[in-house]
Amino acid sequence: MKIIMLGAPGAGKGTQAKMIAEKYGVPHISTGDIFRANIKNGTDLGMEAKKYMDQGLLVPDELTVKILLDRVAQEDCKNGYVLDGFPRTIPQAEVLDRALSEIGDQIDFAINVDVPDENIVKRMGGRRACLSCGATYHIEHVPPKTEGICDVCGASLVLRDDDKPETVGNRLEVYHKQTQPLIDFYQAKGILKTVDGTVDMKDVFASIVAVLS
Ligand code: AP5
Ligand code: MG
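Please read all numbers here as calculations on a predicted model, not as lab measurements.

A. Region of the structure containing the pairing of strand β3 (residues 81-84). Judged by which residues are buried, β3 turns out to be covered on both faces: Y81 and L83 on one side and V82 and D84 on the other are all buried. Of the pairings in the sheet, the one linking strand β1 (residues 2-6) to β3 comprises four bridges and is parallel in character. In the strand pairing of β3, I4 is matched with L83. Note: strand β2 (residues 28-30) against β3, three bridges, orientation parallel.

Next comes the structure, spelled out in C-alpha cells:
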C-alpha cells in the first residue's frame with residue numbers, strides 16, 4: 001500500500017502517518033524529518049536545506065526528489081510506504097509518478113488531512129519535537145510524561161525553528177501557493193480522500209482507516 005499524506009503544515013500529517021505506518025507495517029517517510037536529521041548531523045545537505053526551512057520556504061525540487069527516490073528504492077519499501085511531506089509541488093508529484101510507472105507501480109491513496117489556517121497557528125506554537133528520534137508532542141493535546149523530555153528516547157524536546165509564529169505564516173502561504181494544487185492533481189486521478197483533521201487525533205485516524213479498508 002502506497003500512501004501520500006497531504007495537508008497544511010501542522011495539519012497532523014506526521015501524527016497520522018506514524019499511526020498508519022504502525023497499523024499497516026509500512027515505513028513512514030518524512031522528507032522534513034530527513035532534512036532535520038541532516039541538519040542535526042551537520043551534513044552539506046542539512047546546511048543547504050536549513051537555509052530554506054528556517055524561512056518557511058520549500059527546499060528546491062532537485063535536492064528533495066533525489067533523496068526521496070533513493071529512500072523509496074530501499075528494501076523496506078517494497079510492500080509500500082506512507083509519504084509525509086512529499087510531494088509538495090506538482091513537479092515533485094510528476095517525478096514520483098514517472099518513477100513509479102517505470103516499475104509498473106502507482107500511488108494507491110492521497111489522504112488530505114483538512115484543517116483550516118486558524119487552527120494551524122495554535123497547534124504549531126504548542127508542538128514540541130524530538131530531533132533525535134522524530135517523535136512529536138503537543139503541550140496541551142499530547143504532553144510528554146516528563147516536561148521537555150522525549151518519552152521514546154529521553155532526548156530534550158525543542159520548539160522547531162520553523163514553528164516560531166513569524167515563520168508559520170510564510171509556511172502557510174507557501175502551502176497554499178505550491179502544495180494545495182496537489183489536491184486537484186490527485187482528485188483528477190481519482191485517489192484523493194479528504195478527512196476532517198480538526199477532530200481528536202484518534203477520530204482522524206478512524207476516518208483514515210475507514211478510507212483505507
Ligand atoms: P515538514 O517537516 O514536512 O513540515 P510541514 O509540512 O510544515 O508539516 P509539519 O511537520 O509542521 O506538520 P504535520 O502536518 O506533520 O503535523 P504534526 O503531526 O506534527 O517540512 C518542514 C520543512 O522542510 C518545509 O517547510 C520545507 O522547507 C522542507 N521540506 C520538507 N519536505 C519538502 C519537500 N517535499 N519539498 C520541499 N521542501 C520540503 O501535528 C502538528 C501538531 O499538532 C503536533 O504538536 C501534534 O501533536 C498536534 N496535533 C496533530 N493532530 C492533532 C489533532 N487532531 N488535534 C489536536 N492536535 C493535533
Ligand atoms: Mg510533520
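B. How the structure looks around helix α7 (residues 165-179). For α7, spanning 15 residues, the distance from its first C-alpha to its last is 20 Å, which sits close to the expected 21 Å at 1.5 Å a residue. If you check which residues of α7 are buried, you get T167, V168, R171, L172, V174, Y175 and T179. One face of α7 carries all of its buried residues, which in axial projection span an arc of 165°. Facing away from the buried side of α7 by more than 90 degrees, the exposed set consists of E166, E173 and K177. Buried residues in α7 make contact with α3 (44-53), α6 (117-126), β5 (127-130) and α8 (181-189).

C. Representation of the environment of P144. Within the secondary structure, P144 is located in the loop between β6 (136-138) and β7 (157-158). Given a relative accessible area of 14%, P144 falls into the buried group. Between the C-alpha atoms of P144 and D163, which are 19 residues apart in sequence, the distance is 18 Å. Every residue in contact with P144, bar those within four places of it in the chain, is listed here: Y137, I149, D151 and L157.

D. Spotlight on the site of ligand 1. In the vicinity of ligand 1 lie 37 residues, with T15, L57, R88, R127 and R171 positioned nearest. Interatomic distance of 3.1 Å between a side-chain N/O atom of R160 and an oxygen atom of ligand 1. Protein contacts shield 96% of the accessible area of ligand 1, which totals 1000 Å² for the unbound molecule. The set of elements that each furnish at least two residues to the shell around ligand 1 consists of α1 (13-24), α2 (31-40), α6, β6 and α9 (201-212). Top contributing element to the shell around ligand 1 by residue count: α2, with four residues. In terms of residue class, the shell around ligand 1 is made up of 15 nonpolar, 13 polar and nine charged.

About the thresholds
- Residues numbered from 1 in each chain as written.
- Chains lettered and ligands numbered in written order.
- Predicted model: local features only at pLDDT ≥ 70, side-chain atom pairs only at ≥ 80, totals over all residues.
- Heavy atoms only, no water.
- Buried < 20%, exposed > 50% of the residue type's maximum accessible area, 1.4 Å probe, protein only.
- Helix = DSSP H or I, 4+ residues; strand = E, 2+ residues; numbered from the N terminus.
- Pairing = 2+ DSSP bridges.
- Expected span 1.5 Å × (residues − 1).
- Arc of directions from axis to C-beta.
- Contact = heavy atoms within 4.5 Å.
- Near = heavy atom within 4 Å.
- Polar contact = N/O pair within 3.5 Å; in protein donor to acceptor, adjacent residues only side chain to side chain.
- Areas by Shrake-Rupley, 256 points an atom, 1.4 Å probe, with all protein chains shown as cover.
- Nonpolar A, V, L, I, M, F, W, Y, C, P; charged D, E, K, R; others polar.

Keep in mind these numbers describe shape, not what the thing actually does.
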